[in-house]
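Results of the structural survey
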Amino acid sequence: PGHQVALWAQFNLPNDLEFAAVGRWVGGLRGRFQQIDGYFGLNLRLAWHPSADWEVALVGQNLASPQHLEYVADTGIRGAVTPVPRGGYLQVSHRF
């Protein structure tokens, strides 16, 4: 894409909590045969540090829309197009 903008913020909260947010806007792609619209994406992360060695985090990705396209091969042959879906996960980390 010709244009991309991203904003990132991270906050240390009381009770050993940490919050991060990433918002990004990506412009559309225009090829000879296909076009992808621009999109806005939002990722959020909330982490808790019960001790210096442990972290539990809840992460949400692509929360601004159910799905979006990022790439399509512009070969002139129609192929399978796989959109990037909304998702999330729980992460438990131990550092030693």
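Just above, that's the structure.
A brief structural summary. Please read these numbers as outputs of a predicted model, since none were measured by experiment.

Broken down by element type, the protein carries 0 helices and 9 strands. For the protein, the sequential pattern of α-helices and β-strands runs β-β-β-β-β-β-β-β-β. Against the 2.2 N^0.38 benchmark of 12 Å for 96 residues, the protein shows a C-alpha radius of gyration of 18 Å, more extended than a compact globule. Here the C-alpha coordinates of the protein stretch approximately 55 × 25 × 25 Å along the principal axes. Looking at the protein residue by residue over its 96 residues, the buried ones come to 21%. Across the protein, every contact between residues at least 6 apart in sequence was considered, and the portion connecting residues at least 24 apart equals 42%.

A contiguous nonpolar patch, built from Phe11, Leu13, Leu46, Trp54, Leu58, Leu90 and Val92 and spanning about 690 Å² of accessible area, is present on the exposed surface. When contributions to the nonpolar patch are tallied by element, the ones reaching two or more residues are β1 (4-13), β6 (54-61) and β9 (87-94).

Following the sequence through the fold, proline 66 ends up in the loop between β6 and β7 (67-68). With 19 residues separating them in the primary sequence, proline 66 and proline 85 have C-alpha atoms 5.9 Å apart. Proline 66 has contacts with Val84, Pro85 and Arg86, leaving out every residue within four places of it along the chain.

As paired elements, strand β2 (residues 17-26) and strand β5 (residues 39-48) share 10 bridges and run antiparallel to each other. Note on β5: the bridge partner recorded for valine 22 is asparagine 43. Relative to β6, β5 is paired through 5 bridges, and the arrangement is antiparallel. Directly across from leucine 46, in β6, lies its bridge partner leucine 58. The antiparallel pairing of β5 with β6 creates a hairpin that spans 5 residues between the two strands.

Relative to the helices and strands, serine 93 resides in strand β9. On the basis of relative accessible area, serine 93 is assigned to the buried category, the value being 15%. Beyond its immediate stretch of four places on either side in the chain, serine 93 contacts Asp53, Trp54 and Glu55.

Rules of the game
Residues numbered from 1 in each chain as written. Predicted model: local features only at pLDDT ≥ 70, side-chain atom pairs only at ≥ 80, totals over all residues. Heavy atoms only, no water. Helix = DSSP H or I, 4+ residues; strand = E, 2+ residues; numbered from the N terminus. Rg over C-alpha atoms; globule rule 2.2 N^0.38 Å. Buried < 20%, exposed > 50% of the residue type's maximum accessible area, 1.4 Å probe, protein only. Contact = heavy atoms within 4.5 Å. Patch = residues over 30% accessible without salt bridge, like charges linked within 9 Å, V, L, I, M, F, W, Y side chains within 5 Å. Areas by Shrake-Rupley, 256 points an atom, 1.4 Å probe, with all protein chains shown as cover. Salt bridge = Lys/Arg side-chain N within 4 Å of Asp/Glu carboxyl O. Pairing = 2+ DSSP bridges.

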